[in-house]
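A structural walkthrough
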Amino acid sequence: MDKWEWIWGQNSIEDIDIHLRNTARNLHKLETVDEALRFLLESFWDEFVCDYVAIIQKSEDVLSIRTRRGDSQSFEKKFPLSCSSCLECCLSKPHCSMDGIEVWKSCDLLSEFENEGFVTWFTFPIKESESTSFDVCFVGYREAAPLNIQADKSFGEYGKDFAIVIEMIKNKEKEKQKLKAELEDKNRLEKRMIHYKELVTQALVGDGYFEITKTFSDLIGKTVILFDRFLHPISSFFMGERNEELEEIVRQLNVKAWEIMNIPDREQWLQYGEDNNLGIWKVVCGSELFGYVGVKASKQEFDLEMRMTLNYALDVYAIQIKKQKLVADAKEQVKDGFIHQLFLEKIEDKEKMIGYANLFNLNLFEPNRIGVLSIECNHREADLQSIKLKMTWIWERIRTALHLFDRNIIVTQKEERYVLIVPDQKEKDSNLYWKLIHKQIRDVVSPTIQGIEIFLGISSRTQTIEDFHVCYRQAHQALKIVSNRFSNKRIQNFDNLGSLSILFDLKESFAAKLFSKKYLDPLLNYGNKKGKDLFDTLRVYLAMNGNLKETAEYLFIHRSSLKYRLEKITDLLQLELDDPEERFNLMLAFKLYDLFEQRNLHDG
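Residues numbered from 1 in each chain as written. Predicted model: local features only at pLDDT ≥ 70, side-chain atom pairs only at ≥ 80, totals over all residues. Heavy atoms only, no water.

1. A few points about the overall build of the chain
The number of helices and strands found in the chain is 18 helices and 18 strands. Burial analysis of the chain (604 residues in total) assigns 43% to the buried set. In the chain, the proportion of contacts linking residues at least 24 apart, taken out of those at least 6 apart, comes to 62%. Only carbon and sulfur atoms are counted for the fraction: they give 50% of the accessible area of the chain, which is about 33100 Å². (Helix = DSSP H or I, 4+ residues; strand = E, 2+ residues; numbered from the N terminus. Buried < 20%, exposed > 50% of the residue type's maximum accessible area, 1.4 Å probe, protein only. Contact = heavy atoms within 4.5 Å. Areas by Shrake-Rupley, 256 points an atom, 1.4 Å probe, with all protein chains shown as cover.)

2. Description of a negative patch on the surface
A grouping of Glu14, Asp15, Asp46 and Glu47 is seen on the molecular surface, where their side chains present a negatively charged patch. Among the elements of the structure, α1 (13–27) and α2 (33–47) are those that each provide at least two residues to the negative patch. Looking at where Glu14 falls in the secondary structure, it is placed in helix α1. (Patch = residues over 30% accessible without salt bridge, like charges linked within 9 Å, V, L, I, M, F, W, Y side chains within 5 Å. Salt bridge = Lys/Arg side-chain N within 4 Å of Asp/Glu carboxyl O. Lys, Arg positive; Asp, Glu negative; His and termini not counted. Charge placed at Lys NZ, Arg CZ, Asp CG, Glu CD.)

3. Examining the nonpolar core
Ile398 and Ile437 are the most contacted members of the largest nonpolar core, which totals 40 residues. Ranked by residue count, the leading element in this core is helix α10 (residues 381–405), at 7 residues. Look past the residues within four positions of Ile398 in its chain and what remains in contact with it is Ile375, Ile441, Val444 and Val445. Grouped together as the second largest cluster of nonpolar side chains are 30 residues, Phe44, Ile55, Val165 and Ile169 included. (Core = buried A, V, L, I, M, F, W, Y, C linked by side-chain atoms within 4.5 Å.)

4. Quick word on the sheet that holds strand β11 (residues 267–272)
Ordered by their spatial adjacency, 5 strands build an open sheet running β10-β9-β13-β12-β11, and the pairing between neighbours is antiparallel. Both outer strands of the open sheet, β10 (233–237) and β11, are each paired with one neighbouring strand and no more. Strand after strand, the sheet turns through a mean of 20° between neighbouring axes, direction not considered. Sheet topology note: the strand β9 (residues 224–228)/strand β13 (residues 288–296) ladder contains 5 bridges and is antiparallel. Residue Phe227 lies in a different strand from β13, and its bridge partner there is Tyr292. Strands β9, β10 and β13 of the sheet are contacted by helix α6 (residues 210–220), whose axis makes an angle of about 40° with β10. Lying on the sheet, helix α8 (residues 304–342) is in contact with β9, β11, β12 (276–285) and β13; it crosses β12 at an angle near 50°. (Pairing = 2+ DSSP bridges. Axes fitted to C-alpha atoms, helices over the stretch in contact; angles between N-to-C directions.)

5. Observations concerning the packing of aromatic side chains
Per the counting criterion, the structure on display carries 21 aromatic pairs. Between the aromatic rings of Tyr52 and Phe75, the centroid separation amounts to 5.8 Å while the plane-to-plane angle is 85°, which identifies the pairing as edge-to-face. Highlighted residues: Tyr52 in strand β2 (residues 52–59) and Phe75 in the loop between β3 (62–70) and β4 (81–82), separated in sequence by 23 residues. A ring pair is formed by Trp269 and Trp281, whose centres lie 5.5 Å apart and whose planes are at 75°; its orientation type is edge-to-face. With Trp269 in strand β11 and Trp281 in strand β12, this residue pair connects regions lying 12 residues apart in the sequence. A relative accessible area of 27% places Trp269 in the partly exposed class. (Phe/Tyr/Trp six-rings, centres within 6.5 Å; stacked < 30°, edge-to-face > 60°.)

6. Some thoughts on the confidence of the model for the chain
Per-residue pLDDT for the chain averages 80, and the proportion of residues at 70 or more is 87%. In the model of the chain, strand β1 (residues 6–7) stands out as the element of lowest mean pLDDT, 46, in contrast to helix α16 (residues 548–555), which has the highest, 91. This stretch, residues 1–7, has a pLDDT under 50; its non-local contacts, to residues over four places away or in other chains, come to 29 contacts. (pLDDT = per-residue confidence, 0-100.)

7. Thoughts on the pairing of β10
Regular strands have side chains that alternate between both faces of the sheet. For β9 and β10, the ladder comprises 4 bridges, and the chain directions are antiparallel. Each residue of the ladder has a partner; that of Ile225, found in β10, is Ser236. The antiparallel hairpin formed by β9 and β10 contains 4 residues in its connecting segment, where Leu231 sits at a positive phi of about 65°.

8. Some remarks on the state of the cysteines
In this structure the tally under the stated criterion is 0 disulfides. Free of any disulfide, Cys83 has its nearest neighbouring cysteine sulfur in Cys86, separated by 6.4 Å. Judged by its relative accessible area of 9%, Cys83 is buried. (Disulfide = S-S within 2.5 Å.)

What follows is the structure, encoded as structure tokens:
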């Protein structure tokens, strides 16, 4: 009897054909290949009660179990199997346990059927004619089972039909995945266009940067920080903790600020903390740098889509910053014109000046002080060009620092000097306040350029709008004196200058020098140390307003020694120290001497 007469002997060949035909028809209704293979597996399990059913996939030179029903002891553990160790005929044609294959022991697949204890089994390929990758259906029984004739032909033909249906399902699945991907791309594009529209809307009608930063952050799902062109954060949206991380980023940027700002590359990367990275991109319009955008991410995360979004955001930031810069520049021009008019000796239109002052939050009817700032450089000529390039950058940082320190300070430039207008509030300690301003400026300048001296001249209080011209001249005079007269001072208030405010402009007068020499040279030229002692004694005596007791105590000498020195001074100078006129002349001579002597030290 032919081997196939025993396949499912209890079923007629017609029954088998009907089952296979219905199975093929139902496969068409399924959506995925996995569902189709599972349905095929379950239909065999239900219709032909067996112990084990498996779909074995042949892909290139490897066999692997794709899906199965039933239990095995070791069969599944042997996979994957190499096709080279299996007989080709066992894979490409229907076979069963009754086949007289003499070399079956040389086939690993057939050997595993026997090792697992399958007494009766059969296989058939689910394969289109020319396909090199296909599936093999395996059905196994642990006890002997009857077989039926001509079943090999039915399984062979329907194996091809199953393969065609499964290929159709596979193509349908691919098409659905493609449609799904296209739909996702469409939805993503629509969402991105909405965000782009929001970004542009914020740039066109908004006044700030937060909404742009938040929208950009939502788009890419990353922390975003906007910096000005001096790397100060001006807007941020964090995914998680903000304060401590932002402080760490700012600390790292402060260290590398000058390096970052002078590298021509538009994209840079900063590592901070143990494993955090910040991508930094320049916001530019043409050749003008407007600021920087930082994104917390690794370089590998920036795929093409994210970079396209970034480039769009950079353009939107540039539009917003440009818009605000145009407004700020226009306002700065108005302010410069206003300051120029305010410092004129005669103000033509007071009402107009009051209106401009209100625009800049300056109360002309409350006391104000004027400060004039000078940043002096002691570098070689070769370094001056480099320093000049830095000064514009430094001045912008000074403006920002002072604005953060006190928003009421007006900062501008006049006659190549930096000018501050500061409300003089009665409750403030004026001297301490100006020292703090000087410290704010020094903290900005000193880390950037070495060998820099910062001098600050301060005026008296303004009382009326006409006082601004006078006070500007006072601050300018105080600046000239502190930068040329006092080697150990950096701040000078005009109120504390006294007669120096007048005498300073006489320091180049030949007559003034002769006046000083007439009164003081006789003392300085007397002996060696004795002449200097007499010189110092007279200075203290005049400062103590002629009080012998206070003078002797200050000099740590006996009163009789002081009288002896004063008598010697009288003899050398040929004048009376009790004469008020002579005392005035002597005090004036000391003032002029200080001016000449300190100027010589400064020039040296």
